Amino acid sequence: MNLELFAPERCDNVLPYDGIVQDYGLVLSAEHSERYLQYFLQHLAWQPDEGLLFGQYYRTQRQVVWYGDEQYQYRYSGAVKQALLWQPALWRLKQQIEQWVGHPFNSCLANLYQDGTQGLGWHSDDEPNLGRHAVIASLSLGATRKFCFQHKHRANKVELLLHSGQLLVMRGTTQHYWKHALMKSNRIIQPRINLTFRYFHTAIE
Ligand SMILES: O=C(O)CCC(=O)C(=O)O
Ligand SMILES: [Fe+2]
């Protein structure tokens, strides 16, 4: 069965318990998604992620960039991460996402995976600056990729395929109970951009 033939359906919660992950399905047409992909590939200030982990310097293949209302800062993996002021097209897209989701966002962490050899390992987005019940809106552009949730204390795993133009919203206790990861696959040769819109609280630190 070729899963690519099936457009993702909206789903109020893809998790069985202990969190909420809303799948909005495709919120952008194939044409719009492709235009955004090409534009953001060119116009966002992509850089490898780097820092120190257990005293070891690392530099990822995956590229990242963080934009926000202000030049927010936080310390992570032995490096100071700093937000750039919004890129105008990204800010306009954020406005639209806020309307769809009904929640404000003051920053966006963007990831660029050049092909399927690049992924993102198991983690939770549970930094103190995101607050206890963070609402994170994740828009996918480009190659279809497998995205998984794994419960931290139980055996449950949830697998999703994220298509170009698909919007996922994580909220409630999701980050507390679940980890997520973007899986690698050598068969995928196209790039993918993921935009995660977040609300960054500056009072903490
Ligand atoms: O690329 C993705 O879909 C996931 C990105 C992610 O989990 C993150 O930026 O924290
Ligand atoms: Fe994440």
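Residues numbered from 1 in each chain as written. Chains lettered and ligands numbered in written order. Predicted model: local features only at pLDDT ≥ 70, side-chain atom pairs only at ≥ 80, totals over all residues. Heavy atoms only, no water.

Under an unreviewed UniProt entry, the protein chain has the name Alpha-ketoglutarate-dependent dioxygenase AlkB and belongs to Acinetobacter towneri.

Asks: Would you explain the environment of Val158 in this entry?
Replies: Its place among the elements puts Val158 in strand β11 (residues 157-162). Separated by 10 residues in the primary sequence, Val158 and Cys148 have C-alpha atoms spaced 5.5 Å apart. When residues no more than four places from it in sequence are discounted, the contact partners of Val158 are Val14, Leu15, Pro16, Phe147, Cys148, Phe149 and Trp178. (Helix = DSSP H or I, 4+ residues; strand = E, 2+ residues; numbered from the N terminus. Contact = heavy atoms within 4.5 Å.)

Asks: Looking at this model, I keep getting lost on the packing of aromatic side chains. Mind explaining?
Replies: The description of two aromatic rings rests on the distance between their centres and on the angle between their planes. Throughout the structure, instances matching the rule amount to 10 aromatic pairs. Relative to Phe40, the ring of Tyr36 has its centre 5.4 Å away and its plane inclined at 15°; by these criteria the two rings are stacked. Of this pair, Tyr36 and Phe40 both sit in helix α1 (residues 30-43), four residues apart, which is roughly one turn of the helix. Both rings, one in Trp66 and one in Tyr72, keep their centres 6.3 Å apart while their planes meet at 40°; by these two values the pair is tilted. For Tyr72, a relative accessible area of 5% gives the class buried. Directly above the ring of Tyr113 sits Arg145, whose terminal nitrogen or CZ lies 5.6 Å from the centroid. In this arrangement the basic side chain of Arg154 is found over the ring face of Tyr17, its NZ or CZ atom lying 4.2 Å from the centre. (Phe/Tyr/Trp six-rings, centres within 6.5 Å; stacked < 30°, edge-to-face > 60°. Buried < 20%, exposed > 50% of the residue type's maximum accessible area, 1.4 Å probe, protein only. Lys NZ or Arg CZ within 6 Å of the ring centre and 35° of its normal.)

Asks: Is there a simple way to explain the sheet that holds β11 in this structure?
Replies: Hydrogen bonds along the backbone pair up the strands of a sheet, which may run parallel or antiparallel. One open sheet holds the four strands; their spatial order is β8-β13-β10-β11, and the pairing between them is antiparallel. Taken across any chain shown, the strands that pair with only one partner, and hence form the sheet edges, are β8 (120-123) and β11. Adjacent strand axes in the sheet meet at a mean angle of 15°, parallel and antiparallel pairs treated alike. In this sheet, strand β13 (residues 178-182) lies alongside β8 in antiparallel orientation, the contact comprising two bridges. Paired with Leu120 across the two strands is Leu182, which belongs to β13. (Pairing = 2+ DSSP bridges. Axes fitted to C-alpha atoms, helices over the stretch in contact; angles between N-to-C directions.)

Asks: Would you take a moment to explain the UniProt feature "domain: Fe2OG dioxygenase" (unreviewed entry) in the protein chain for this structure?
Replies: Feature annotation in UniProt places "domain: Fe2OG dioxygenase" (unreviewed entry) on residues 104-201, given in this structure's numbering. Within the segment residues 104-201, helix and strand shares are 4% and 50% respectively, and the terminal C-alpha atoms sit 12 Å apart. (UniProt positions renumbered as here; feature names shortened; annotations may be inferred.)

Asks: Looking at this structure, I do not really get the coordination of the iron ion (ligand 2). What am I missing?
Replies: The textbook angles at a metal center are 109.5 degrees for a tetrahedron of four donors and 90 or 180 degrees for an octahedron of six. Within the first shell, the iron ion (ligand 2) binds the protein through His123 (NE2), Asp125 (OD) and His180 (NE2), at distances of 2.1 to 2.3 Å. Counting gaps between the donor residues of the iron ion (ligand 2) yields the pattern H-x1-D-x54-H. You can call Asp125 buried: its relative accessible area is 7%. (Donors = N, O, S within 2.8 Å, 3.2 Å for Na, K, Ca; no water.)

Asks: What should I look at first to understand the site of ligand 1 in this one?
Replies: Close contacts around ligand 1 come from Leu109, Asn111, Tyr113, Leu120, His123, Asp125, Phe147, His180, Arg192, Asn194, Thr196 and Arg198, and that covers them all. His180 has a polar side-chain atom sitting 3.1 Å from an oxygen atom of ligand 1. Summarising the interface, the protein chains cover 97% of the accessible area of ligand 1, which totals 300 Å² for the free molecule. Among the secondary structure elements, those contributing two or more residues to the shell around ligand 1 are β7 (107-113), β8 and β14 (192-198). Looking at the shell around ligand 1 element by element, the count peaks at four residues for β14. Grouping the constituent residues of the shell around ligand 1 by class yields four nonpolar, five polar and three charged. (Near = heavy atom within 4 Å. Polar contact = N/O pair within 3.5 Å; in protein donor to acceptor, adjacent residues only side chain to side chain. Areas by Shrake-Rupley, 256 points an atom, 1.4 Å probe, with all protein chains shown as cover. Nonpolar A, V, L, I, M, F, W, Y, C, P; charged D, E, K, R; others polar.)

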